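An overview of the molecular structure
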Amino acid sequence: MGILSLAELFVSAAVHLLFGFYVFSTAVASDLSQAVTDRFKPNAFNLVAKEEEESKEKVAVFEGSPPPIVLVHGIFGFGKGRLGGLSYFAGAEKKDERVLVPDLGSLTSIHDRACDLFYYLKGGQVDYGEEHSRIYGHSQFGKTYGQGHYQEWDEHHPIHFVGHSAGVQVVRVLQQMLADKAFSGYENTSEDWVLSITSLSGALNGTTRTYYDGMQPEDGRSMKSISLLQLCRIGVIFYDWLNISWLKNYYNFGFDHFEMGWRKTGVAGLIDLLLGNTGPFASGDWILPDLTIQGSIKLNSSLLTFPNTFYFSYATKRTRKFMGLTLPSSVLGIHPMLFIRVLQMSQWRCPSNVPPPYKGYRDEDWEDNDGALNTISMTHPRLPVEHPSHFVMDDSECQPLQPGIWYYKIIEADHILFIVNRERAGVQFDLLYDGIFQRCRKHAFRTSPPILPNESCQ
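First, a word on what this report is: a plain description of the structure on this page.

Calculation rules
Residues numbered from 1 in each chain as written. Predicted model: local features only at pLDDT ≥ 70, side-chain atom pairs only at ≥ 80, totals over all residues. Heavy atoms only, no water. Phe/Tyr/Trp six-rings, centres within 6.5 Å; stacked < 30°, edge-to-face > 60°. Buried < 20%, exposed > 50% of the residue type's maximum accessible area, 1.4 Å probe, protein only. Lys NZ or Arg CZ within 6 Å of the ring centre and 35° of its normal. Pairing = 2+ DSSP bridges. Helix = DSSP H or I, 4+ residues; strand = E, 2+ residues; numbered from the N terminus. Contact = heavy atoms within 4.5 Å. Axes fitted to C-alpha atoms, helices over the stretch in contact; angles between N-to-C directions. Salt bridge = Lys/Arg side-chain N within 4 Å of Asp/Glu carboxyl O. Expected span 1.5 Å × (residues − 1).

Looking now at the packing of aromatic side chains. This model, assessed by the stated rule, comprises 25 aromatic pairs. Between tyrosine 358 and tyrosine 361 the ring centres are 5.6 Å apart and the planes differ by 85°, which places this aromatic pair in the edge-to-face class. With respect to class, tyrosine 358 is no different from tyrosine 361; both count as buried. Sitting above the plane of the phenylalanine 312 ring, arginine 439 keeps its charged end 3.6 Å from the centroid.

This is how it looks when you write it as structure tokens:
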């Protein structure tokens, strides 16, 4: 590596650490503020508020109720209950009475997260599958959910899913596993358990960002010896090895089923993990290999678009053409953490000594991006086989919705405009999520329109 590359690595690592510290400190500050507020409130009020919150957590299923909307976070994300009162979806879950925000492994593989999501909804102990667990060297069983958040889930009580970034691939893998009846003890699952899938800046076909961060473009699975991802790997290993319970309760990367804690592995185990002999980074059972173009092609080769499910995708971009070059479309409109990344990704070129990731690959197709994903990757599944799709300028163009087609819309936004910090998006935030929830409630149904919250039958 040259001096310029090392400088770039240092700046990138510093920016990511600062952003991580900002998110973490924001969560802590929010919790402290809430604790102080609760301290001076009347106890009776606190008790009532707590009981109301607990009652909302239990999703009551009754005849005629609308299906829940499940928001699935992306890489480095978190669900309800992590990072205190901070919301990954910036409070969008409050726009509807029946929204679930599961906490899945923030760096675990797409497959493992899909398994976590299934048992989060149905209940029981997470089963990652005997063969998969044996191949990748981790425990077959994971966390136990005493009570599922939607135990009645089946083809007569289907669910709407909204996935941000890698979250949409988690949902697609889950739907395919339902179709394949891959969950032991559940022989009646089918693809019709999923009513709709909405992709928000979804990683449907991989991203060239993974190669900048440290994945090898030759195979899309191994890591460069000196890279941002290597620094990330070392940090995660120490975090999980130290196994500080209160810290992991606050934020968890999701590798508990690899049993990397010091009590289990000792110092010798830590050395093995750092040397790459054991653990998720050694076996490849973590999320980054699933997000390379090659990894996405492998994943997509077994995923179908189903005829009874509604699909809608929001692809984001923060680039524009200027004198034949693709450049960031704004300075102030792009998050500081992502500006350099937008510029880098717009200039990506597949190394001349490396075979292209697929037949017909062209660098220029992958120039438009949002700082984390390429716009071409977010519209609809297109690799290795293009799925049915329809580009829309306005939502009215796709009404009535037809199942089995990926409707997609391209909007001006960076990758994190609609998450974590609601104020950045302003009115766009409400327009986007109101549109998503309205589509789920009024336009995506198989028989008759469902009853909306606070709305009686006419």
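After that view, the rundown keeps rolling.
This next bit is on the sheet that holds strand 10 (residues 389-391). One open sheet holds the seven strands; their spatial order is 2-1-5-6-7-11-10, and the pairing between them is parallel. Strands with a single pairing partner mark the edges of an open sheet, and in this sheet they are strand 2 (99-100) and strand 10. Sheet contacts for helix 3 (residues 110-122): strand 1 (69-72), strand 2 and strand 5 (159-164); angle to strand 1, the most-contacted strand, approximately 150°. Packed on one face of the sheet, helix 16 (residues 427-443) meets strand 1, strand 2, strand 5, strand 6 (194-200), strand 7 (310-317) and strand 11 (406-412) and runs near 170° to strand 7.

This part covers the pattern of salt bridges. Applying the stated criterion across every chain yields a total of 16 salt bridges. Measuring nitrogen to oxygen at the nearest pair gives 2.8 Å for the salt bridge that ties arginine 82 to aspartate 103. Note that arginine 82 is positioned in the loop between strand 1 and strand 2 and aspartate 103 in the loop between strand 2 and helix 3, a separation of 21 residues in sequence. The burial state of arginine 82 is the same as that of aspartate 103; both residues are buried. The partner of glutamate 364 in a salt bridge is arginine 362, with the nearest N and O atoms 3.6 Å apart. Bridged by salt links that share partners, the residues Lys95, Arg422, Asp430 and Asp434 form one connected network.

Let us now look at helix 3. Over its 13 residues, helix 3 extends 19 Å from the first C-alpha to the last, a length consistent with the 18 Å expected when each residue adds 1.5 Å. Judged by how many residues are buried, helix 3 sits mostly within the fold: twelve of 13 residues are covered. Positive backbone phi, approximately 95°, marks glycine 123, located one or two places after helix 3.

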